[in-house]
Amino acid sequence: MPIIQAKYLISSAKVDQCPKPDRPEYAFIGRSNVGKSSLINLLTGQKNLAKTSATPGKTQLINHFEITGTRTNDKKKKSNWYLVDLPGYGYARTAKTERDRWEKMIAGYLQQRKNLTEVFVLIDSRHSPQKIDREFINQLDHWEIPFSMVFTKADKSKPGAVTRHIKEWEEELRKDWQFLPRFFLTSAVQHAGKEELLQYLEEKNVQWEENK
């Protein structure tokens, strides 16, 4: 799916402040410093659409970006959708009261946003499964919210280590689930995984349009 326009729209502190839910919406979330902003910039083809920072915890609101794309095989057919950048979880240096506010805001958004089509949970591919990521995924499952897992920073480790960590995740999830979520492996530096993610988003957009 070629993206022809991507622009920042609004930042909201509550779900009822978000834009009108009139199009498919995809939320991106993960632990602080997982490379979320870099991935969003990679997908949209813009260097500074989502602000990257060396300091974790900078994203503190529900950030909506308005995206316009075309069909891969038909450039005349356009699709409009929202990409949402959510605050990262698990940043210990943030005051507890602030973390509690973020968690309440995120939970309200995830459970109440009517047009939320899928959540992309970002996982740092350099590490074995982390408890905090598993807990968040379990919560999404409990809320019956569709999600995929996006492994980031594939260029930061040897391929063997990345493969091992993904296999560990598969084994961890199979303890409780018969069907696993979709996995994507990405690298903002090497542009890996971009086309696979955009193709998947295009498929979801087509489904949205067909079910309207």
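Look above for the structure.
Residues numbered from 1 in each chain as written. Predicted model: local features only at pLDDT ≥ 70, side-chain atom pairs only at ≥ 80, totals over all residues. Heavy atoms only, no water.

A. The sheet that holds strand 1 (residues 3-12), seen in detail. Spatially, the 7 strands line up as an open sheet ordered 1-3-4-2-5-6-7, and their pairing is mixed. Only two strands of the sheet have a single neighbouring strand rather than two, namely strand 1 and strand 7 (183-185). Averaged over all neighbouring strand pairs, the angle between strand axes comes to 25°, with direction disregarded. As paired strands, strand 2 (residues 25-30) and strand 5 (residues 116-124) are joined by 6 bridges and run parallel to one another. What sits directly across from Glu25, in strand 5, is Leu116. Running over the sheet, helix 3 (residues 131-142) touches strand 2, strand 5 and strand 6 (147-152) and is turned about 165° from strand 5. Sheet strands in contact with helix 4 (residues 159-174) are strand 5, strand 6 and strand 7, and its direction is about 170° off that of strand 7. (Pairing = 2+ DSSP bridges. Helix = DSSP H or I, 4+ residues; strand = E, 2+ residues; numbered from the N terminus. Axes fitted to C-alpha atoms, helices over the stretch in contact; angles between N-to-C directions. Contact = heavy atoms within 4.5 Å.)

B. The side chain of Lys153, seen in detail. Summarising the element assignment, Lys153 is placed in the loop between strand 6 and helix 4. Buried within the structure, Lys153 lacks any salt-bridge partner; Asp124 is the closest side chain of opposite charge, at an N-O distance of 4.3 Å. A polar side-chain atom of Lys153 sits 2.8 Å from the main-chain carbonyl oxygen of Asn33. The contact partners of Lys153, leaving out residues within four places of it in the chain, are Asn33, Val34, Gly35, Asp124, Ser125, Arg126 and Thr186. (Buried < 20%, exposed > 50% of the residue type's maximum accessible area, 1.4 Å probe, protein only. Lys, Arg positive; Asp, Glu negative; His and termini not counted. Salt bridge = Lys/Arg side-chain N within 4 Å of Asp/Glu carboxyl O. Polar contact = N/O pair within 3.5 Å; in protein donor to acceptor, adjacent residues only side chain to side chain.)

C. Highlighting the packing of aromatic side chains. The final tally for this structure, using the stated rule, is 10 aromatic pairs. By way of ring pairs, the aromatic residues Tyr26, Phe28, Trp81, Phe120, Phe184 and Tyr200 are connected into one cluster. (Phe/Tyr/Trp six-rings, centres within 6.5 Å; stacked < 30°, edge-to-face > 60°.)

D. Region of interest: the environment of Glu170. Looking at the element boundaries, Glu170 is found in helix 4. Relative accessible area serves as the criterion here: at 29%, Glu170 is assigned to the partly exposed category. Sequence separation between Glu170 and Met105 is 65 residues; the distance between their C-alpha atoms is 30 Å.

E. How the structure looks around the packing of helix 3 against helix 4. Direction vectors running N to C along helix 3 and helix 4 enclose 50°, while the axes themselves pass 12 Å from each other. Taken together, the axis directions place helix 3 and helix 4 in an arrangement best described as oblique. By crossing handedness, the relation of helix 3 to helix 4 is classed as right-handed. Where helix 3 approaches helix 4, its residues Asp133, Arg134 and Ile137 are matched on the opposing element by Trp169, Glu172 and Leu173. When the residues that make up the contact of helix 3 with helix 4 are grouped by side-chain class, the tally is 3 nonpolar, no polar and 3 charged. (Parallel < 35°, antiparallel > 145°, perpendicular 65-115°, else oblique. Left-handed = near helix turned anticlockwise from the far one by under 90°. Nonpolar A, V, L, I, M, F, W, Y, C, P; charged D, E, K, R; others polar.)

Honestly, it's all geometry; don't read function into it.
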